[in-house]
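Residues per chain are reported as follows:
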Amino acid sequence: AIERDARRHDSRIQRQQDMKQLDLLSKREVEVMRLLADGLALKDIASDLGISVQTASKHRGSIFQKLAVTNEVDLLRLLIRIDPESTLGAEVIAA
């Protein structure tokens, strides 16, 4: 029981740290992150947001750097750690 409580506490602390990282993102980066989590390609993200593919790519790089992830899979893992009940990325997971 003590070990389980310690794991829950550690998990809660990790989730709070992860959420603080999300606060570092700009509004546009959050938009790009949500679309990445939904499985969209940079070309589609750029089209949806009315920006160039190069700009979308720069936003993705900034997101990865700020959140300390290296790819979309790591990004999804981070988002699931923060909110396991979230529908963010559900389309990718369901596929």
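Owing to the predicted nature of the structure, the values given are computational and were not obtained by experimental measurement.

(A) Broad picture of the side chain of E29. Along the chain, E29 falls in helix 2 (residues 27-37). Classification of E29 as buried rests on a relative accessible area of 6%. Looking at E29, its side chain comes within polar contact range of the side chain of S62, at 2.6 Å. At 2.9 Å, the side chain of E29 forms a polar contact with the side chain of K66. Sequence-distant contacts of E29, that is, excluding residues within four places in its chain, are made with L24, H59, S62, I63 and K66.

(B) Local environment of the packing of helix 2 against helix 5 (residues 72-82). Two elements in contact, helix 2 and helix 5, have axes separated by 10 Å at closest approach and are oriented at 100 degrees. Taken together, the axes of helix 2 and helix 5 are roughly perpendicular relative to one another. Together, M33, L36 and A37 of helix 2 and E72, L75, L76 and L79 of helix 5 make up the contact between the two elements. Classifying every residue of the contact of helix 2 with helix 5 by side-chain character gives six nonpolar, no polar and one charged.

(C) View of the packing of helix 4 (residues 53-67) against helix 5. Their axes nearest at 11 Å, the elements helix 4 and helix 5 cross at an angle of 50 degrees. Viewed along their axes, helix 4 and helix 5 adopt a mutual orientation that is oblique. Here helix 4 and helix 5 pass one another in a crossing that is left-handed. Taken together, the residues of helix 5 that come into contact with helix 4 (itself represented by R60, I63, F64 and L67) are E72, L75 and L78. Residues belonging to the contact of helix 4 with helix 5 are distributed by class as follows: five nonpolar, no polar and two charged.

(D) Quick look at the pattern of salt bridges. Considering all chains together, one arrives at four salt bridges under this definition. Here R28 ties to E31 by a salt bridge, and the two come within 3.1 Å at their closest N and O atoms. Residue R28 and its partner E31 are both found in helix 2; the two are separated by three residues, about one turn of the helix. In this structure R28 comes out as partly exposed when scored by relative accessible area, which is 30%. Exposure remark for E31: the relative accessible area of 30% places this residue in the partly exposed category.

Cut-off values and rules
Residues numbered from 1 in each chain as written. Predicted model: local features only at pLDDT ≥ 70, side-chain atom pairs only at ≥ 80, totals over all residues. Heavy atoms only, no water. Helix = DSSP H or I, 4+ residues; strand = E, 2+ residues; numbered from the N terminus. Buried < 20%, exposed > 50% of the residue type's maximum accessible area, 1.4 Å probe, protein only. Polar contact = N/O pair within 3.5 Å; in protein donor to acceptor, adjacent residues only side chain to side chain. Contact = heavy atoms within 4.5 Å. Axes fitted to C-alpha atoms, helices over the stretch in contact; angles between N-to-C directions. Parallel < 35°, antiparallel > 145°, perpendicular 65-115°, else oblique. Nonpolar A, V, L, I, M, F, W, Y, C, P; charged D, E, K, R; others polar. Left-handed = near helix turned anticlockwise from the far one by under 90°. Salt bridge = Lys/Arg side-chain N within 4 Å of Asp/Glu carboxyl O.

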